[in-house]
Amino acid sequence: MWVIWVQEPQLELEAPYWPGRRWLAALDAVLWPGLWMAGASSLPSASGDLWLMVCGFAFFCLCSRLHRAVANNGRYRFTTWLMLKLLLVLGFVGVLLRWTVPT
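(A) How the structure looks around the packing of helix α1 (residues 21-41) against helix α2 (residues 50-71). Here α1 crosses α2 at 180 degrees, and the two axes come no closer than 9 Å. Considering the angle they form, α1 stands roughly antiparallel to α2. The residue makeup of the contact of α1 with α2, split by class, is 21 nonpolar, no polar and 3 charged.

(B) Geometry of the pattern of salt bridges. Scanning the model with the defined rule gives 2 salt bridges in all. Salt-bridge contacts for R65 lead to D28; the nearest nitrogen and oxygen are separated by 3.5 Å. Note that R65 is positioned in helix α2 and D28 in helix α1, a separation of 37 residues in sequence. The pair R65 / D28 is uniform in exposure class, with both members buried.

(C) Representation of the packing of α1 against helix α3 (residues 79-100). Contact pair α1 / α3: the axes reach a minimum separation of 9 Å and the direction vectors enclose 60 degrees. By the angle between their directions, the pair α1 and α3 is classed as oblique. Packed against α1, whose contacting residues are D28, L31 and W32, the element α3 presents T79, T80 and M83 at the interface. Of the residues that constitute the contact of α1 with α3, the class distribution is 3 nonpolar, 2 polar and 1 charged.

Definitions and limits used
Residues numbered from 1 in each chain as written. Predicted model: local features only at pLDDT ≥ 70, side-chain atom pairs only at ≥ 80, totals over all residues. Heavy atoms only, no water. Axes fitted to C-alpha atoms, helices over the stretch in contact; angles between N-to-C directions. Helix = DSSP H or I, 4+ residues; strand = E, 2+ residues; numbered from the N terminus. Parallel < 35°, antiparallel > 145°, perpendicular 65-115°, else oblique. Nonpolar A, V, L, I, M, F, W, Y, C, P; charged D, E, K, R; others polar. Salt bridge = Lys/Arg side-chain N within 4 Å of Asp/Glu carboxyl O. Buried < 20%, exposed > 50% of the residue type's maximum accessible area, 1.4 Å probe, protein only. Contact = heavy atoms within 4.5 Å.

Just geometry here; none of it tells us what the structure is for.
This is the structure:
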């Protein structure tokens, strides 16, 4: 028996536009893959061509993200904001662990 489920596509809401959003989105789109490339360039030489693969993937991501940030700005989501939220949650968990775990 072959069963096919068809789901309606989920609608992504457009982010509200504000002055400077396109420039900040372009900066965010270039910053994170650029950091990946900088980190890959500091890999030891024993890793072989891993840094080339990381740089190639990061460049592909950079181009894709930059296009979305500039051409389709309402659909771009800021990675910096996501990372800041993640660091905030990890910091909060660290503080809770420090307070609750006896030393």
